[in-house]
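Below are the chains, spelled out letter by letter.
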Amino acid sequence: SGRIDATTNGNVVLQEISGDFRVGAITSTQNNVTLTAGISILDAEGDAGIREVERAINELGAVGVQIFTNIDGKPLDRPEFEPFFAAMNKIGKPIWIHPERGARHPDYQDEKKSLYEIWWTFGWPYETSVAMSRLVFSKTLDRYPDLKIIVHHLGAMVPYHEGRVGPGWDQLGKRTTDEDYFS
């Protein structure tokens with residue numbers, strides 16, 4: 001089921017299966033094909049996303065999976081996504097995390113959408129940094145020490161703001177005292 005699209009030179013193949021799973025093959029040469037699977041980890045059946053991950057890796061030869069920085073607006077550190085991270089920790093293949101933020105995400109609370117491509121220019125690095133920070137502070141990475149995570153777009157903001165990140169989080173809880181600091 002699904003469809004297969006290919007470019008004329010055979011460098012990109014995209015297969016959609018059941019509308020929620022795709023396997024993309026991207027080649028730098030026609031003899032070097034790498035499969036990654038884009039997985040919907042949000043499903044009503046509980047483990048259908050994990051079964052698709054296992055199928056993509058074990059049957060189709062995917063070398064890892066790609067997910068987005070949020071799933072239908074929900075952060076990745078929510079308990080409902082825990083089974084996915086547990087499975088990927090066990091499987092040992094990498095997770096590529098790509099930003100999902102679109103123009104519908106306004107720059108300010110009183111606006112309906114982002115203007116001037118800000119959602120893409122600054123929003124993607126910001127959203128990726130937030131997603132990774134949440135995985136760190138929620139202790140997801142502590143619970144699953146064998147997770148392999150690749151962050152798109154040069155690691156987002158953290159490599160460029162290292163001088164601010166360290167001193168800023170050294171002050172964690174001193175400016176505000178919300179319970180999220182103690183999760």
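Everything numeric here is computed off the predicted structure, so don't read it as measured data.

(A) Expanded view of the overall build of the protein chain. Of regular secondary structure, the protein chain possesses seven helices and nine strands. In the protein chain, which comprises 183 residues, the share counted as buried stands at 33%. Put simply, 55% of the contacts in the protein chain that link residues at least 6 apart link residues at least 24 apart. For the protein chain, the computed accessible surface area is about 11700 Å², with 54% contributed by carbon and sulfur atoms.

(B) Just the nonpolar core, in detail. Grouped together as the largest cluster of nonpolar side chains are 19 residues, with contacts concentrated most on Ile 67, Leu 76, Phe 84, Phe 85, Met 88, Ile 95 and Ile 97. Of all the secondary-structure elements, those providing two or more residues to this core are helix H1 (48-58), strand E5 (65-68), helix H2 (82-91), strand E8 (95-98) and helix H4 (123-137). Beyond its immediate chain neighbours, meaning those up to four positions away, Phe 85 contacts Ile 67, Leu 76, Ile 95, Leu 135, Thr 140, Tyr 144 and Leu 147.

(C) Structural detail: unusual backbone geometry. Positive phi, close to 60°, is recorded for His 153, a residue that is not glycine. Mapping His 153 onto the fold places it in helix H6 (residues 152-155). Relative accessible area serves as the criterion here: at 44%, His 153 is assigned to the partly exposed category. For Leu 154, which is not glycine, the phi torsion reads 60° and is therefore positive. The topology assignment puts Leu 154 in helix H6. Taking relative accessible area as the criterion, Leu 154 reaches 65% and is therefore assigned exposed.

(D) Inspection of the environment of Asn 58 at higher detail. As for its position among the elements, Asn 58 is in helix H1. Along the chain, Asn 58 and Ile 91 lie 33 residues apart, while their C-alpha atoms are 10.0 Å from each other.

About the thresholds
Residues numbered from 1 in each chain as written. Predicted model: local features only at pLDDT ≥ 70, side-chain atom pairs only at ≥ 80, totals over all residues. Heavy atoms only, no water. Helix = DSSP H or I, 4+ residues; strand = E, 2+ residues; numbered from the N terminus. Buried < 20%, exposed > 50% of the residue type's maximum accessible area, 1.4 Å probe, protein only. Contact = heavy atoms within 4.5 Å. Areas by Shrake-Rupley, 256 points an atom, 1.4 Å probe, with all protein chains shown as cover. Core = buried A, V, L, I, M, F, W, Y, C linked by side-chain atoms within 4.5 Å.

Structural measurements only, silent on function.
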